[in-house]
Amino acid sequence: MKLKNMFKKTGGKNYISLTEGRKPEVPEGLLRKCNNCKAAIIAEDVRRGYYICPKCHAYFRMDAWRRIETIVDPGSFEVWEEAILDGNPMGYPGYEEKLQNVREKTGLDEAVVIGKAEIEGRKVVLGVCDGRFLMASMGEAVGEKIAGAVERATKEKLPVILFACSGGARMQEGIFSLMQMAKTAAALKRHSDAGHLYISVLTDPTTGGVTASFAMLGDLILAEPNALIGFAGPRVIEQTIGQKLPKGFQRAEFLLEHGFIDQIVEREKLRETLGKILKLHPGQPDRTAQTKAEEMQNKKQNEKEEEELCQIREMTSWERVQVSRKKDRPVGSDYIRELFDDFVELHGDRLFGDDKAVVGGIAQFCGEPVTVIAQEKGTTTKENIARNFGMPSPEGYRKALRLMKQAEKFHRPVLCFVDTPGAFCGLEAEERGQGEAIARNIYEMSALKVPILSVIIGEGGSGGALALATADEVWMLENSIYSILSPEGFASILWKDSKRAKEAAEVMRLTAKDLYEAGIVEQVFAEPEAFTSETFAPVTEKLREHIRRFLKTYQGMEESERTERRYQRFRRL
Amino acid sequence: MIKKVLVANRGEIAVRIIRACREMGIETVAVYSQADEEALHTQLADEAICIGPASSSESYLNMEQIISATLVSGADAIHPGFGFLSENSKFVELCEKCNITFIGPSSEVIQKMGNKAQARSTMIEAGVPVIPGSKEAVRDVSHGAEIAEEIGYPVMIKAALGGGGKGMRVAETRETFAASFQTAQKEAQMAFGDGTMYLERFVRNPRHIEFQILADCYGNVIHLGERDCSIQRNHQKMIEESPSVVIDEELRSRMGQAAVQAAKAAGYTNAGTIEFLLERDGQFYFMEMNTRIQVEHPVTEWVTGIDLIQEQIRIASGLPLSYRQEDIKLSGHAIECRINAENPDKNFRPSPGTITDLYLPGGKGVRIDTAIYSGYTVPAYYDSMLAKLIVHADTREQAISKMRTALGEVIIEGIDTNIDYQYEIMNHPDYQSGKIDIEFISKWQR
């Protein structure tokens, strides 16, 4: 049955309203429109909700003051109002009036607000660009404010956080504007050389000369979802190459994939994430108090524990090879989750891409910041494919090296978990220099100034493993393997028959026991019979204790002694 | 007086409101989702405006769209019905800011009564009995035992972050308190990562008794007697009746007075409901206040002769109450059964789909509030209630008999319903003799 137009309607008399004053209407400012989904939304919801559309979750641009409100501890922001360079260096007609107008309209003196603040109780120097001020373009005043703030941060030994958003250099100031790129970058270089942390947060849009200077120089670079980030603007590129650009081009996600930013952080989580990162960078490590307590504990522990060399079960080498490749064996990320707190994953090699076969970042280990790098196979088939079955590309090794260099700058030890059938063997890997990437890692790791520990948790496949295992000590799990080549490859090269892998395994001396006896590895950890992420708690418990002792020992050494020992460790082989 | 009402709801309650308005000569505007183009409320109203896709969050819960529809249609008031935005203080605040008359209480009252702790303290201040319980959080056994002593056994131990019965235990006596507390706390710690507990008096097998109240803008508050809604499944009411067999004139006047006090304390206007738990010994406790019209309002309408929706509109228009307390007389007995599109044999799984054939009963003392018709497709997006069958007779026995007769006549083909299930309840000896409490269904299921 169709009901359309079947019913009689209300017998309507039309009244003239006598209560004109109370006519329903939307008061000014109650609703606003989302430019993305076009929906009408309640302005108050936007204000209270981090300037995110409650309907489609698109991000509105935030002005500097609102940004500061959402990032710093309440009441902690102390604005630094330096005298502003008020020039018109090029004598550009109408520029002064334009500046005057914008100043009146925005209440800002220039396109960046600078000051000191606390985030989750930690002091930082904070600079926030404000897009309302000539699209936050960088002229002399902006450059001066930023360089000045960074210099002052260096003097006061404070980390710097800059929220970038900019159309680029300020055209009206011509070549003087270009010079601000050098000025800000140089100030940041000095800040970095003094060992301080700089976090750059890229917001929509960050382009031009700002991208090509302070925005891309962070020790850590974070970005807001979907932020436009690029050097040349998309319109300029399209006009130059005469082609349409793909969807998502120059968005934060695109940059993440291409290895240029560490993490995309949702606006609601920015403050928390910054807090976590700051906590992991406590400045000059204050070891004295901590060490004493630990020493006491260590002494006790040492007395108690006798060196129990692994109660290793009897198995053939080939059986162990198979166990090391088992699908349900714990993978790198399982160890990260189990052994560390506050893990902040950092992505990208800053050159070409982000390799998912290597997971790296910073975390707390027993209350101390460390850099963690793990080769990661993934657990599901989908994940296996995404992570290329744990076979790293050159980008993976370059990311690892970048994180190790970062660890060196911040005096953090490096902990590596090795689990790879080998470095990825493919056309693209060769094009981008797989051999060079591995070599570079071995080369740099051999002299890295901080302690390095590598634990082989599964397969230690050749150079692909060594590129994360040129360490002070290398440990192995009972059923992990470490070899020049897979037994299949070995059999095929020497005997021209890959089916003789079983036989090869027996002669290759690739088991933990063999390698321990050969002095290639320092420790072996026994595994329970069925070794999965459900049953590996006792193993990680033991690992934790031994890692703690390793750090204690190696951090106690002089830097030169440590690198010398590492040198000799390989020299004698 | 309100001239044009936008009905911000769907289904039978939207139809009910449109009818009340039409009888009063008030124009109506329906809003509907893309799934409800063929719905009765859409077709019945003078005007209808589509406010979005099928999902409730994008249509019937979309505040901005509903406000825009109100302004565009020139309506001066919104009736929210029940569910959806009816108890959303933010929505009501928006209406207030936009000079739209919201047919219900103020945003402030809704906010206050929607907050459990605030509602409870308001009631304590007004002298309305609440379930005795710990005011502060309890973390250790000995402190808990002291408080339990004050409250009196049996005691209910509840996790502060609780839900789904986890971290909940009843201690019958002081001897078992420590063990029960520790088990509950351990469970809470496991489930919610927090062992903060609350204690309250455990009310054993109570009845759910609620009082309908009406309040105008001039401080006049009356109650319209009780509804006994003890027949519930998983806290969902199934059958409601008025009056309750266990309430005599004296108790009715005491509970009614408490309800009026509660409404006055809250600064309430318009129609509302105060829910109580009633123990066997006649002790009753405030549970919560519903700041809207209820599904089961027709049983009250039938025993009092008052049209609650029309009264709501009058109150919202600024008119004083049409009745005084002494005008309210309960006559006869009314029962309501909710007819749902669900399959009781398959754990009450919802059963949307097209109604191929339909026959609904009628006759003296039989009322059906529904929005279904032959050929109507019940969408899967919304509540599964199809219809409310309400009967009225001089006595409870006669009302039950009438309900059985009417249920026996209902024919809804094409989808599953709970009609047979309701019919069986009507034949249950405990229901017939009025021996019911909120555990009735769960005991019967077992």
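Residues numbered from 1 in each chain as written. Chains lettered and ligands numbered in written order. Predicted model: local features only at pLDDT ≥ 70, side-chain atom pairs only at ≥ 80, totals over all residues.

J.: Just give me the short version of the overall build of chain A, but keep the residues and values in it.
T.: A tally of regular secondary structure across chain A gives 22 helices and 18 strands. Seen through its principal axes, chain A has C-alpha atoms that stretch 95 × 80 × 55 Å. When each of the 573 residues of chain A is scored for burial, the buried share is 42%. (Helix = DSSP H or I, 4+ residues; strand = E, 2+ residues; numbered from the N terminus. Buried ≥ 20, exposed ≤ 12 C-beta atoms within 10 Å, placed from the backbone.)

J.: Got a sec to walk through the sheet that holds strand 10 (residues 221-233) of chain B? Specific residues and values, please.
T.: All names here are of chain B. Overall, antiparallel pairing links the eight strands, which are arranged 13-12-9-10-11-14-21-19 in an open sheet. Each end of this open sheet is capped by a strand with a single partner; those strands are strand 13 (284-290) and strand 19 (366-370). Direction aside, the axes of adjacent strands within the sheet are offset by 25 degrees on average. Across six bridges, strand 12 (residues 270-278) lies against strand 13 in antiparallel orientation. (Pairing = 2+ DSSP bridges. Axes fitted to C-alpha atoms, helices over the stretch in contact; angles between N-to-C directions.)

J.: Mind laying out the domain arrangement of chain B, listing which residues take part and the relevant values?
T.: Residues and elements named next belong to chain B. Taken domain by domain, chain B comprises domain 1 (4-86), domain 2 (141-201) and domain 3 (207-445). Placing the centre of domain 1 and that of domain 3 at their C-alpha centroids yields a distance of 23 Å. Facing the 23 residues of domain 1 at the interface are 21 residues of domain 3. Elements that contribute at least two residues to the side of domain 1 that touches domain 3 include exactly helix 1 (11-23) and helix 2 (40-44). Ranked by the residues each element gives to the side of domain 1 that touches domain 3, the list is headed by helix 1, at six residues. Partitioned by chemical class, the residues of the side of domain 1 that touches domain 3 number 12 nonpolar, seven polar and four charged. (Domains from an automatic or database assignment. Contact = placed C-beta atoms within 7 Å. Nonpolar A, V, L, I, M, F, W, Y, C, P; charged D, E, K, R; others polar.)

J.: Account for the environment of His41 of chain B, naming residues and giving values.
T.: Residue and element names in this part refer to chain B. On the secondary structure map, His41 appears in helix 2. Put simply, His41 and Arg16 are 25 residues apart on the chain and 8.9 Å apart in space, counted from C-alpha to C-alpha. Dropping the residues within four chain positions of it, His41 is found in contact with Val7, Arg10, Gly11, Ala14, Val15, Ile18, Ala30 and Ala371.

J.: Residue-level account of unusual backbone geometry, with values.
T.: A cis amide bond, omega -10 degrees, links Asp204 of chain A with the succeeding residue Pro205 of chain A. Here Pro205 of chain A lies in strand 7 (residues 198-207). Following Ser242 of chain B, the chain continues into Pro243 of chain B via a peptide bond in cis, with omega recorded as -5 degrees. The phi torsion at Lys157 of chain A lies on the positive side, around 55 degrees, for a residue other than glycine. By secondary structure assignment, the location of Lys157 of chain A is in the loop between helix 4 (140-155) and strand 6 (160-166). The exposure class of Lys157 of chain A is partly exposed, given the 13 C-beta atoms found within 10 Å.

J.: Give me the lowdown on the pairing of strand 15 (residues 452-461) of chain A, citing residues and values where you can.
T.: Residues and elements named next belong to chain A. With respect to burial, strand 15 is a largely interior element, 10 of its 10 residues being buried. Relative to strand 15, strand 14 (residues 414-420) runs parallel, the two sharing six bridges. Bridge pairing in strand 15 places Val418 opposite Ile456. Of the strand pairs in this sheet, strand 15 and strand 16 (residues 473-477) are connected by four bridges, and their pairing is parallel. Pairing of Ser454 across the sheet is with Val474, part of strand 16. Pairing between strand 15 and strand 17 (residues 481-483): three bridges, direction parallel. Bridge assignment links Gly460 to a residue of strand 17, and that residue is Tyr482.

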